[in-house]
Structure formats: C-alpha cells, structure tokens
Amino acid sequence: MASTNHLLGFRSESPVGKGKMNVAKKLHMVAGTWGVRCSFHSLVGILVATLIVAAVYMTGEGGRWLEDRPATTTCRNGYESSCSMCNLFSGKWLFDNRSYPLYKEKECTFMSDQLACGKFGRQDLNYQNWRWQPHQCNLPRFNATALLERLRGKRLVFVGDSLNRGQWVSMVCLVDSNIPPSLKSMHTNGSLITFKAIEYNATIEFYWAPMLVESNSDDPVMHRLPERVVRVQAIEKHARHWTDADLLVFNTYLWWRRSKMKVLWGSFESPNGIYKEVEMVRVYEMALKTWSDWLEVHVNRSKTQLFFVSMSPTHQRAEEWGGGNGQNCYSETELNSEEGYWGTGSCPKMMGVVDDTIKKLKKRGVDVKVLNITQLSEYRKEGHPSIYRKQWEPLTEDQLSDPKSYADCIHWCLPGVPDVWNELLYAYIMYY
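Note that this is a predicted model, so its numbers are computed, not measured. (Residues numbered from 1 in each chain as written. Predicted model: local features only at pLDDT ≥ 70, side-chain atom pairs only at ≥ 80, totals over all residues. Heavy atoms only, no water.)

Trainee: Mind laying out the overall build of the protein, listing which residues take part and the relevant values?
Mentor: The helix and strand inventory of the protein stands at 12 helices and 13 strands. Of the roughly 21,100 Å² of accessible surface on the protein, 53% is carried by carbon and sulfur atoms. (Helix = DSSP H or I, 4+ residues; strand = E, 2+ residues; numbered from the N terminus. Areas by Shrake-Rupley, 256 points an atom, 1.4 Å probe, with all protein chains shown as cover.)

Here's what the structure looks like:
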C-alpha cells in the first residue's frame, strides 16, 4: 500500500534513515547487556528500544511536510503576511504532462465559456501541463475527496470580481468529477452562484462584488459603465450574503486600476448624496478599511478561515517581456523565463495597502491568509484566453482583421493557472 505521504504528493524519503539503524543497533546492544544481569530488565529494555525506534520511524515518515519547510523564509514583492515556514509562492514552473491537467476541460460539467479555450479553437494546449514547484518544499497533491470531507456541512465562498469567479470555476471543476451527477447542483440567485455537493452538504459559492464595498458595478451582468462610483463606507449589502460562511476567499484589484475614483457618501437612491473624486491608492485603502472593520466585528474567529488572493497580473504589453511594440498576449505559447519578471499591470503600492491592512487585522485578532499568486502568475503570459473564448458581442471587421485588438489578456484558460491558485488554497485549508 502507498504511504500517506506518497498519496498526498510529498516526498517519502526520510533523512533519518541511518539514524534509525544506529539507534536500533545501540539500543539492542544495551538491552543484550542488561539481559545477562536480569531477564526482567532485559524485557523492559527491549520494549523501550522498540518504542523509541518506532517513534523515530514515525517522525521520519510522518513529519515529512514539516521537514520540507525551512525554519525561515523571505517574502518577495510584498505580502509579508502570506509567509509561513515555507514560502509556497517562491518557486518555478515545471512542465508535467503526466500529472497535469488535474481535470479535462470537456469533462467539467460547469466549465465557463469565457475560460474554455480549447472549446473555442485553441490548438496549443501545453498551458494545461505546468506544475508549480516551490523552492523549499512540495505542494500537496490536490485530493478532491479529502477537500470535500473537510468542507462537509460548510460553506466555501469566493467573493470578488471575474478573476475570483474564474478561481471559483476552477475549484468546482477540481471536485466535479468526484461527485455523481445526481448528487450535485448549481443555483444562481442574483449575485450569488452556489454549487452544492449534496452528499457532503457542502457548498462552493461565488458572490459578485468586484470592489468588495458597494459600487455602481454590482450588477452581476450589467456592470460595464463609463464612470465607476463606489460607496467606500458601505459593505453590508454584500456582506449579509456571506456572514455565516466557514471559509471566505476575497479578491479585489483590477476594477480599481485607474488614477482616480468617484466616491459617494450617501446612497445611490438619494438625491442628496455627496460625490468626490479620490486618488488612487487612497480610495483603495478606504475601501479595504471598511472591509477589515466588517471582518473584525462580524466574523466568527473560532470558525471562519479567511483568505485574500493577491492581484492577478495582466499581459497587455509584449515589449515588457521582449516582444514587439504594440503586441500583447495574443499568439503567445511560451512562459516567461525571466526570474522575478514583474509587469506594469501589477501595482506594488496596492499590494502594500493589502499587506498593511492584513497586518493591522492580525494585531486585532483576525487572521487573514494571503494567497500571493502574483509573481507565479506573472510568468504565465501564454495562459490567457486571448481570442479563444466566447465573444458576447459580434466582432467588427476591424477587430477580425487585427485579432490582438480583442485578445483577452486578463482572465485565464481552464484548466490552467487558477488551478494552481486552488492548489495553494487547498494546502492552506488542509495543512496550515
């Protein structure tokens, strides 16, 4: 039978193998010497020796996950609060077409047409075969049954924008094949979409709130407006839908990427509201303070696990990775191999705001784990849908003559990069 470590994807070799032999040999010699003097003492000695050898063996084999984590680590590109004894987010991509993808695009019952790149004509599918390898440890192999058991009777809720929705679709696809058709369901109620694993009485949900706080972009369908307005002090309209969740996974970034944002004090319905333009990153900081204050007051700290997913990078400017001027992710088929590559689509100042907010929350007794997916995703310029997705509106002749003009370099193909985000989330849920 395979060891537990092997089934979970850990290395099974033990660094204490020689030590086990030496300890056993020495204890056997000691027990033998005592046996000349007294048979009772001999039996006790042998028993003690057996127990010690067993303990050493169990430590060597069962403690593999801990041994793989170094005592200290450094955090790159901000988000110091995301680091534990092993920095899961510092590593490299390895091509692995034997173990990946973790599911097949066509076999996921609830795959999104926005992310199904193979369905919409993409021929190079190598983007599905990359595995993330941390430098100092191994990610545990994703085990859908183990996760569903951990989620039994619980709510896992993703809250945020379309990138977080993509991660939610990925999570649903990761567990989908382990659940018979008659024992799963999908239900939409306004901004909340709920996947239910009936046998486990577990739900994996997505709630559309691209700014976390209230905004004029809160409609899950009609949210592309020429001017964005936020109520930075209002979150309850959204939060009441996930107050009792057992695991919450938040993100908010892309919708804030502008130099200024119009802020409303008052309600959208009231004619007496006060509007004022506030510069970035101050308005982002104000919204995250409202979010953090809500967590401090309303979250059950003994029950709810909290996560924040860092910014998902875009690949809109090919000149940043050595491509042609005016190009983007269109026609990209290879990873970026430059160590530490960082594009202009990711904003360190906004990362800093998140990190400061979460550090302050921790001081107030609220623990939010950061899934720092930014750097690892920066390398994946070939992982976006580009032109291989459902087009919600007919393409113009100009667009058809210039495919890069409508290439999606923001979202991610599935199977693909968001599956790794969920492997990281799985590691935190199951082992941290």
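From this point on, the discussion continues.
Trainee: Describe the sheet that holds strand E11 (residues 274–279), naming the residues involved and giving the relevant values.
Mentor: Where strands meet in a sheet, backbone hydrogen bonds hold them as pairs that are either parallel or antiparallel. Spatially, E7-E8-E10-E11 is the arrangement adopted by the four strands of the open sheet, whose pairing is mixed. The open sheet terminates on both sides in strands that have one partner only, identified here as strand E7 (214–215) and E11. Where strand E10 (residues 260–265) meets E11, six bridges bridge the pair, whose relative direction is antiparallel. By the bridge assignment, Leu264 is partnered in E11 with Tyr275. Across the face of the sheet, helix H8 (residues 282–298) comes into contact with strand E8 (229–231), E10 and E11 while running at roughly 115 degrees to E11. (Pairing = 2+ DSSP bridges. Contact = heavy atoms within 4.5 Å. Axes fitted to C-alpha atoms, helices over the stretch in contact; angles between N-to-C directions.)

Trainee: Tell me about the sheet that holds strand E12 (residues 305–309), and please be specific about residues and values.
Mentor: Spatially, the seven strands line up as an open sheet ordered E4-E5-E6-E3-E9-E12-E13, and their pairing is mixed. Two strands bound the open sheet, and with one partner strand each, they are strand E4 (184–189) and strand E13 (368–371). With strand direction ignored, the average angle separating the axes of adjacent strands in the sheet is 15 degrees. Bridging between E4 and strand E5 (residues 192–197) involves six bridges; their strand directions are antiparallel. For Met186, the partnering residue across the bridge sits in E5 and is Phe195.

Trainee: Tell me about unusual backbone geometry, residues and numbers included.
Mentor: Residue Val281 follows Met280 across a cis peptide bond; omega there is 20 degrees. With respect to the helices and strands, Val281 occurs in the loop between E11 and H8. Put simply, Leu414 and Pro415 share a cis peptide bond, and its omega is -5 degrees. Residue placement: Pro415 occurs in the loop between helix H11 (397–401) and helix H12 (417–431). Non-glycine residue Leu212 carries a positive phi angle of around 70 degrees. Along the chain, Leu212 turns up in the loop between strand E6 (202–208) and E7.

Trainee: Go over the packing of aromatic side chains with me, naming the residues and quoting the values.
Mentor: By the definition in use, this model includes 16 aromatic pairs. Geometrically, the ring pair formed by Trp208 and Trp255 is edge-to-face, given 5.6 Å between the ring centres and 80 degrees between the ring planes. One end of the pair, Trp208, is in strand E6; the other, Trp255, is in the loop between strand E9 (247–250) and E10, with 47 residues separating them in the sequence. Here Trp208 falls in the buried class, since its relative accessible area comes to 1%. (Phe/Tyr/Trp six-rings, centres within 6.5 Å; stacked < 30°, edge-to-face > 60°. Buried < 20%, exposed > 50% of the residue type's maximum accessible area, 1.4 Å probe, protein only.)

Trainee: So what's going on with the packing of H8 against helix H9 (residues 348–363)? Which residues, and what values?
Mentor: Between H8 and H9, the shortest axis-to-axis distance is 10 Å and the interhelical angle comes to 25 degrees. The orientation of H8 relative to H9 falls into the category roughly parallel. Seen from above, H8 lies across H9 with right-handed handedness. Residues Tyr284, Glu285, Leu288, Trp291, Ser292, Leu295 and Glu296 of H8 touch H9, and the partners they reach there are Met350, Val353, Val354, Thr357 and Leu361. In terms of residue class, the contact of H8 with H9 is made up of eight nonpolar, two polar and two charged. (Parallel < 35°, antiparallel > 145°, perpendicular 65-115°, else oblique. Left-handed = near helix turned anticlockwise from the far one by under 90°. Nonpolar A, V, L, I, M, F, W, Y, C, P; charged D, E, K, R; others polar.)

Trainee: I'd love a proper account of the state of the cysteines, names of residues and values included.
Mentor: Here, the word disulfide means a covalent bond between the sulfur atoms of two cysteines. Enumeration according to the criterion identifies four disulfides in this entry. A sulfur-sulfur separation of 2.0 Å characterises the disulfide bridge that pairs Cys108 with Cys173. The disulfide joining Cys108 to Cys173 has a torsion of about -80 degrees about its S-S bond and is therefore left-handed. Residue Cys108 is located in the loop between strand E1 (91–95) and strand E2 (130–134), and its partner Cys173 is located in helix H6 (residues 162–176); the two are separated by 65 residues in the primary sequence. With relative accessibility at 6%, the residue Cys108 sits in the buried group. (Disulfide = S-S within 2.5 Å.)

Trainee: So what about the pattern of salt bridges? Which residues, and what values?
Mentor: In this structure the tally under the stated criterion is 22 salt bridges. For the salt bridge of Asp355 with Lys359, the shortest nitrogen-to-oxygen distance reads 3.5 Å. Note that Asp355 and Lys359 are positioned in helix H9 at a spacing of four residues, about one turn of the helix. Since its relative accessible area comes to 5%, Asp355 is described here as buried. (Salt bridge = Lys/Arg side-chain N within 4 Å of Asp/Glu carboxyl O.)

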